[in-house]
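Overview (structure and organization)
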Amino acid sequence: MAHNISLSRRRLLQGMGILSLGAMCNTIFPARGRAAELMADNPFLAISSFLVSRPVSPILGQRYYAALTKHDAQFSQKLDALHTLLQQQHFSHVDDFLAATSQDNADWQTARTIISAWYSGVVGDGSDLELIAYADALMYLPTRDVLVVPTYGGGPFFWAVTEPGKVATAGERA
């Protein structure tokens with residue numbers, strides 16, 4: 001059966017425009033291309049995409065990975081162990097991984113840390129919190145089309161800096 005495919009000038013120009021725009025993206029947004037290159041050999045982006053069930057930003061991925069390794073000297077080794085498990089088990093969805101792994105398992109804890117970072121936008125604990133993404137935190141994604149991301153800062157006492165880079169939390173004195 002032969003199909004008659006006609007290509008109008010308008011469709012051809014639209015296609016060329018889309019291809020040109022795609023080719024220019026790394027030129028227009030060079031930081032995104034550099035971040036993707038820097039993270040190319042690191043499984044963090046792929047693991048993050050699997051754990052949060054959506055594509056993730058290479059720029060934010062680079063920042064989250066740097067913060068997670070800064071806050072936990074063993075994070076790279078934990079990430080490698082989680083990566084090995086995910087490759088061996090071939091889980092089809094993060095829910096399958098979570099159901100098959102107990103909460104006291106080190107891989108489950110690493111996954112929880114990564115998911116928590118992407119959804120909350122912060123890395124660290126207590127007064128050692130580091131804000132990585134505010135409006136781009138995944139916790140705002142379900143209501144992004146209906147609600148505006150709140151414009152107040154990083155939570156209670158966010159303004160109370162106890163020492164450079166440290167923020168007071170509830171119960172601490174600024």
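This write-up is about the structure you can find in this document. (Residues numbered from 1 in each chain as written. Predicted model: local features only at pLDDT ≥ 70, side-chain atom pairs only at ≥ 80, totals over all residues. Heavy atoms only, no water.)

For serine 53, which is not a glycine, the phi torsion comes out positive at approximately 55 degrees. For serine 53, a relative accessible area of 40% gives the class partly exposed. Even without glycine at this site, histidine 90 takes up a positive phi of about 55 degrees. (Buried < 20%, exposed > 50% of the residue type's maximum accessible area, 1.4 Å probe, protein only.)

With 28 residues, the main nonpolar core has Phe44, Leu51, Tyr64, Leu82, Phe97, Ile114 and Trp118 as its most contacted residues. Put simply, the parts of the chain that give this core at least two residues each are helix 3 (44-52), helix 4 (58-71), helix 5 (75-89), helix 6 (94-100) and helix 7 (106-120). Among the elements that take part in this core, helix 3 stands out by supplying six residues, more than any other. Residues within four places of leucine 82 in sequence aside, it is in contact with Ile47, Leu51, Phe97, Asp107, Thr110, Ala111 and Ile114. (Core = buried A, V, L, I, M, F, W, Y, C linked by side-chain atoms within 4.5 Å. Helix = DSSP H or I, 4+ residues; strand = E, 2+ residues; numbered from the N terminus. Contact = heavy atoms within 4.5 Å.)

Attention now moves to the packing of helix 4 against helix 7. Viewed as axis vectors pointing N to C, helix 4 and helix 7 meet at an angle of 130 degrees, and their least axial separation amounts to 11 Å. One finds that helix 4 runs oblique with respect to helix 7. For helix 4 against helix 7, the interelement crossing comes out right-handed. Between helix 4 and helix 7, the contacting residues are Leu60, Gly61, Tyr64 and Leu68 on the first element and Thr113, Ile114, Ala117 and Trp118 on the second. The class makeup of the residues in the contact of helix 4 with helix 7 is six nonpolar, two polar and no charged. (Axes fitted to C-alpha atoms, helices over the stretch in contact; angles between N-to-C directions. Parallel < 35°, antiparallel > 145°, perpendicular 65-115°, else oblique. Left-handed = near helix turned anticlockwise from the far one by under 90°. Nonpolar A, V, L, I, M, F, W, Y, C, P; charged D, E, K, R; others polar.)

Using the criterion set out here, one finds two salt bridges in the structure. Residue lysine 70 is joined to glutamate 130 by a salt bridge in which the shortest nitrogen-to-oxygen separation is 3.1 Å. Here the residue lysine 70 occupies a position in helix 4, and glutamate 130 occupies one in strand 2 (residues 130-131), the gap between them amounting to 60 residues. With a shortest N-O distance of 2.7 Å, lysine 78 and aspartate 72 are connected by a salt bridge. For lysine 78, a relative accessible area of 35% puts it in the partly exposed group. Residue aspartate 72 is classed as partly exposed on the basis of its relative accessible area of 23%. (Salt bridge = Lys/Arg side-chain N within 4 Å of Asp/Glu carboxyl O.)

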